[in-house]
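# Close look at the chain arrangement
What follows is the residue order along each chain.
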Amino acid sequence: SMRIAALPSSSTAAFQENSSGMWSSSIVKASPFLGVRLCEPKHFSSQSFSFNPKAKCITKPQLQAIAAPVETKRAAPEARRAGLKSSVIITGASSGLGLAAAKVLAQSGEWHVIMACRDFLKAEKAAMAVGMPRENYTVMHLDLASLESVRQFVENFRRSGRPLDVLVCNAAVYFPTAKEPTFSAEGFELSVATNHLGHFLLARLLLDDLKASDHSARRLIIVGSITGINTLAGNIPPKANLGDLRGLSAALNGVQSSPMIDGGQFDGAKAYKDSKVCNMLTMQEFHRRFHEKTGITFASLYPGCIATTGLFREHIPLFRTLFPPFQKYITKGFVSEDDAGKRLAQVVSDPYLSKSGVYWSWNKDLNSFENQLSEEASDPEKAKRVWELSEKLVGLA
Ligand code: NDP
Ligand code: PMR
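To start, this report covers the structure provided alongside it. This is a predicted model, so every value here is computed, not measured.

### Things to note about the overall build of the chain
- In terms of regular secondary structure, the chain is built from 13 helices and 8 strands.
- When the 397 residues of the chain are sorted by exposure, 55% land in the buried category.
- Across the chain, the fraction of contacts at a sequence separation of at least 24, relative to all contacts at a separation of at least 6, is 75%.
- Accessible area of the chain: about 17100 Å², with a carbon and sulfur share of 56%.

Have a look at this one:
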């Protein structure tokens, strides 16, 4: 493909590795205890995960002690993994949370990060600026606002020959001040198209690749939001509400139908919140349909209020000035990009966060816990309908 041919050096490295046959696809079933992933003590050192001093991690010597009898039996998968990095795709890794998590994972030395970004040069520059080791990342083009680009990305990724161990659906756009909707390549309202539909197609297509990975902790993570939590913060108007999904079923095109999922008047802030509820419903529907069959962990998280990111770039200047101090000193919900990145990296790689169907959040002591979702964001009937309607819109049904 022309796109691949145009990738700079950090990208071509992937193809060299491929041609040398390192990523052979022999699939060996992991022994049950491998639900716990090996980690070098350095990987979870207080330096790289200082946000959570109490985070427990089974280090190699401990694990060998626990697992001594089984150890010999899995010599083959160990050999397959020895010296090989785990492989994670992060969408929207060119800024904010995605970049911060990419940095933590790439710098751990245990991960190769595929930065799936719409702006190639921005992603390359960002990776260099935060000091990601060149051999630990690859930038690949992905525009979630075009279903064709999503399909092209999947093809390019497969051609790279890398295994897929973890997929992180992180990218998002937010248009709080827009008076009129804008639309994706296929004519869907742009925030739902980018945040939900693009990721829905991406995750559905890459499920096969996750299944094929021999990694002991295969995960699909979809970043959530405060919107799905039933607290004061989750109830600031305009509230997310998918209604009876009449807008979604009529394709959100703003011509014959409303651009809003519930069929109502366009509201940019609500469209974002609705899209994030779709993200959380999708994660749970994946869990119900595929967790038992595949062993893949499906999870979502609320990383905290990362008030300084590009997510608020479209907001009025006054909001952008006041929002960080408001969150820091008044709500105390503020989290820095670095700390939020560590949280997402933890959901990617911490052997203790392997439970599926969970919405991770962090408490005041910076410990992770399983949060409760709001009524709508945990409604299985709605999840099923959003799944089925989305399948139609992205051309899977
Ligand atoms: P940023 O704007 O910093 O990052 C969003 C990323 O998504 C950017 O890299 C952006 O690319 C990318 N992106 C946007 N549109 C597309 C597209 N069409 N195709 C591919 N990539 C695209 O925001 P955050 O880091 O804050 O957001 C990351 C996630 O965190 C989102 O899912 C958001 O909902 C969630 N979140 C954020 C919170 C916060 O307080 N900030 C709170 C709760 C959840 P580009 O760099 O080219 O613009
Ligand atoms: Mg909210 C009480 C704590 C709290 C927390 C943790 C957040 C997080 N917010 C809180 C409270 C409030 N906020 C209150 C009391 C108000 C009214 C003054 C308020 C307002 C507000 C606005 C206008 N908050 C916002 C906005 C946004 O535009 C942000 C948004 O909804 O973006 C989609 C936002 C957020 N507040 C948060 C978080 C995490 C956001 C970012 C959105 C997200 O989670 O996806």
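Here the narrative resumes.
### Examining the packing of helix H7 (residues 147-160) against helix H8 (residues 190-212)
- Closest axis-to-axis distance for the H7/H8 pair is 9 Å, and the angle between their directions is 25°. It follows that H7 is roughly parallel to H8 by the angle criterion. The hand of the H7/H8 crossing is right-handed. Contact residues: Leu-147, Val-150, Arg-151, Phe-153, Val-154, Phe-157 and Arg-158 in H7; Leu-197, Gly-198, Leu-201, Leu-202, Leu-205, Leu-206 and Asp-209 in H8.
- Here the contact of H7 with H8 is built from residues that sort into 10 nonpolar, 1 polar and 3 charged.

### Focus on empty space enclosed by the protein
- Tallied over the entire structure, the rule returns 2 cavities of 30 Å³ or more.
- Here the largest cavity is characterised by a volume of approximately 40 Å³.
- Looking at the largest cavity, the residues that line it are Asn-195, His-196, His-199, Phe-200, Ala-203, Ile-222, Asn-279, Thr-282 and Phe-286.
- Elements supplying a minimum of two residues to the lining of the largest cavity: H8 and helix H10 (268-294).
- In terms of residues, the lining of the largest cavity owes the most to one element, H8, which gives 5 residues.
- Of the residues assigned to the lining of the largest cavity, the class counts are 4 nonpolar, 5 polar and no charged.

### Quick notes on the packing of H8 against helix H13 (residues 380-393)
- Running from N to C, H8 and H13 cross one another at 85°; their axes reach a closest spacing of 10 Å. In terms of orientation, H8 lies roughly perpendicular with respect to H13. Packed against H8, whose contacting residues are His-196, Leu-197, Phe-200 and Arg-204, the element H13 presents Val-386, Trp-387, Ser-390, Glu-391 and Leu-393 at the interface.
- Of the residues that constitute the contact of H8 with H13, the class distribution is 5 nonpolar, 2 polar and 2 charged.

### Details of the nonpolar core
- Counting 63 residues, the largest nonpolar core has Ile-89, Phe-153, Leu-167, Leu-206 and Leu-220 as the members making the most contacts within it.
- Every element with two or more residues in this core is listed here: strand E2 (111-117), H7, strand E4 (166-169), H8, strand E5 (219-223), H10 and H13.
- With 11 residues, H8 is the largest single contributor of residues to this core.
- Beyond its immediate stretch of four places on either side in the chain, Leu-220 contacts Leu-167, Cys-169, Ala-203, Leu-210, Phe-286, Ile-296, Thr-297, Phe-298 and Ala-299.
- Within the second largest apolar cluster, 38 residues are counted, among which are Leu-97, Val-139, Val-166 and Val-348.

### Thoughts on the site of ligand 1
- Contacts to ligand 1 come from 32 residues, most closely from Ser-94, Lys-122, Asn-170, Tyr-272 and Thr-309.
- Residue Gly-92 places a main-chain N or O atom 3.1 Å away from an oxygen atom belonging to ligand 1.
- Within the backbone of Leu-142, an N or O atom sits 3.5 Å from a nitrogen atom of ligand 1.
- For ligand 1, whose free accessible area comes to 900 Å², the fraction covered by protein is 97%.
- Those elements that place two or more of their residues in the shell around ligand 1 are helix H5 (96-108) and H10.
- Split by residue class, the shell around ligand 1 holds 15 nonpolar, 11 polar and 6 charged.

### Thoughts on the site of ligand 2
- The local shell around ligand 2 holds 16 residues, among which Tyr-174, Ser-225, Ile-226, Tyr-272 and Tyr-302 are the closest.
- At 2.9 Å, a side-chain N or O of Ser-225 approaches an oxygen atom of ligand 2.
- Gln-327 has a polar side-chain atom sitting 3.3 Å from a nitrogen atom of ligand 2.
- Secondary-structure elements contributing two or more residues to the shell around ligand 2 are H10 and helix H11 (317-331).
- With 5 residues, H11 is the largest single contributor of residues to the shell around ligand 2.
- Partitioning the shell around ligand 2 into residue classes produces 11 nonpolar, 4 polar and 1 charged.

The rules behind each value
Residues numbered from 1 in each chain as written. Chains lettered and ligands numbered in written order. Predicted model: local features only at pLDDT ≥ 70, side-chain atom pairs only at ≥ 80, totals over all residues. Heavy atoms only, no water. Helix = DSSP H or I, 4+ residues; strand = E, 2+ residues; numbered from the N terminus. Buried < 20%, exposed > 50% of the residue type's maximum accessible area, 1.4 Å probe, protein only. Contact = heavy atoms within 4.5 Å. Areas by Shrake-Rupley, 256 points an atom, 1.4 Å probe, with all protein chains shown as cover. Axes fitted to C-alpha atoms, helices over the stretch in contact; angles between N-to-C directions. Parallel < 35°, antiparallel > 145°, perpendicular 65-115°, else oblique. Left-handed = near helix turned anticlockwise from the far one by under 90°. Nonpolar A, V, L, I, M, F, W, Y, C, P; charged D, E, K, R; others polar. 1 Å grid on protein atoms, 1.4 Å probe; cavity = no way out; pocket = protein on both sides within 12 Å on 5 of 7 lines; lining within 4 Å. Points joined across faces, edges and corners; volume = space filled by probe spheres on them. Core = buried A, V, L, I, M, F, W, Y, C linked by side-chain atoms within 4.5 Å. Near = heavy atom within 4 Å. Polar contact = N/O pair within 3.5 Å; in protein donor to acceptor, adjacent residues only side chain to side chain.

Nothing here speaks to function; it is all geometry.
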